[in-house]
Amino acid sequence: MTWPRYTEVGDCGLLIAFADRESEAAHARVIALDRRLGCADIPGLVECVPALVNLMVVFDPLVTTHTALRAAVGDLVTESLRASAGDQGAATTQHNIPVCFDADLAPDLPAVARACDMSEDAVITCLTATPITVAMYGFAPGYAYLTGLPPALHVPRKPAPVRDVPKGSLLIAGPQALITTLTMPTGWSILGRSRFQVMDPEGDPQFRMAVGDTVQFRRVPRAEFEAGARP
């Protein structure tokens, strides 16, 4: 199959896909296109929504059409096809996120340590040693999916979700992690909690992290966690 692939979505969306399965190269191209579109002056463009292998371009159907939009983004898509992880069209930001791993805030840390054949301290050290990437937003408001967890920490989802997981919880599943922004059920493993505010509904921008940014977790003691801003 030839990439990219264009799919018309309703009367106001154009989905541009660079692959049919997740890869670093495909995601680099999504980020590159998203950032180039953010700097472009394309009539009728409303917003862009980047995901793992594709990007949704939302437009005003009273101003432009699927065909005209596809033609308008053609050169930018070509540039994005040449993009690599180090050439995404704009600088990225690294976010250092403090996390407390005390037992009552990290109920699944012992189980993850056993599953990974590691000590709990080794799990925390592995988790905090390597920056990971903001891959996309989805599922719930402010849920920034972070990819690139070390393979040694890849654990499957739980067989059944747990209810009432507090906002600010640090979760992992497979190669991904996230910081929750709402109190919700989850089947992911809960390894700690942070006061870092991923989402500020009154802020500009509302999301503190952009897709393509990197995140590095930092272990903090309970006193520093309690003194931090509320999530």
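These notes cover the structure that comes with them. Not measured: the values here are computed from a predicted model. (Residues numbered from 1 in each chain as written. Predicted model: local features only at pLDDT ≥ 70, side-chain atom pairs only at ≥ 80, totals over all residues. Heavy atoms only, no water.)

Side note on the side chain of T181
As for its placement among the helices and strands, T181 is situated in the loop between β10 (176–179) and β11 (184–186). Judged by relative accessible area, which is 14%, T181 ranks as buried. Here P141 takes part through its backbone oxygen, which lies 2.4 Å from a polar atom of the side chain of T181. (Helix = DSSP H or I, 4+ residues; strand = E, 2+ residues; numbered from the N terminus. Buried < 20%, exposed > 50% of the residue type's maximum accessible area, 1.4 Å probe, protein only. Polar contact = N/O pair within 3.5 Å; in protein donor to acceptor, adjacent residues only side chain to side chain.)

Quick notes on the packing of helix α1 (residues 24–39) against helix α2 (residues 66–81)
At their nearest, the axes of α1 and α2 sit 8 Å apart, and the two run at 145° to each other. Two packed elements cross with a definite hand, and for α1 against α2 that hand is right-handed. Between α1 and α2, the contacting residues are R29, A32, L33, R36 and L37 on the first element and V73, L76, V77, E79, S80 and L81 on the second. Considering only residue class, the contact of α1 with α2 consists of seven nonpolar, one polar and three charged. (Axes fitted to C-alpha atoms, helices over the stretch in contact; angles between N-to-C directions. Left-handed = near helix turned anticlockwise from the far one by under 90°. Contact = heavy atoms within 4.5 Å. Nonpolar A, V, L, I, M, F, W, Y, C, P; charged D, E, K, R; others polar.)

Quick notes on unusual backbone geometry
Negative phi values dominate among residues other than glycine, just as trans dominates among peptide bonds. For the bond running from W3 to P4, omega is 5°, close enough to zero to count as cis. Locating P4 in the fold gives a position in the segment before β1 (5–9). Backbone geometry places D117, a non-glycine residue, at a positive phi of 55°. Here D117 shows up in the loop between α3 (109–115) and α4 (120–129). Residues other than glycine seldom take positive phi values, yet D164 does so here, at roughly 55°. Looking at the element boundaries, D164 is found in strand β8 (residues 162–165).

Regarding the pattern of salt bridges
Pairing between side chains of opposite charge can happen when the charged atoms of each approach one another. On inspection of all chains with the given rule, the structure shows nine salt bridges. A salt bridge links D108 to K158; the shortest N-O distance between them is 2.6 Å. Highlighted residues: D108 in the loop between β5 (94–99) and α3 and K158 in the loop between β7 (144–147) and β8, separated in sequence by 50 residues. (Salt bridge = Lys/Arg side-chain N within 4 Å of Asp/Glu carboxyl O.)

Looking at the environment of S23
Considering the arrangement of structural elements, one finds S23 in the loop between β2 (13–17) and α1. Counting along the chain gives 29 residues from S23 to L52, while the straight-line C-alpha distance between them is 8.0 Å. Here the side chain of S23 touches A26 through a polar contact of 3.1 Å, landing on its backbone nitrogen.

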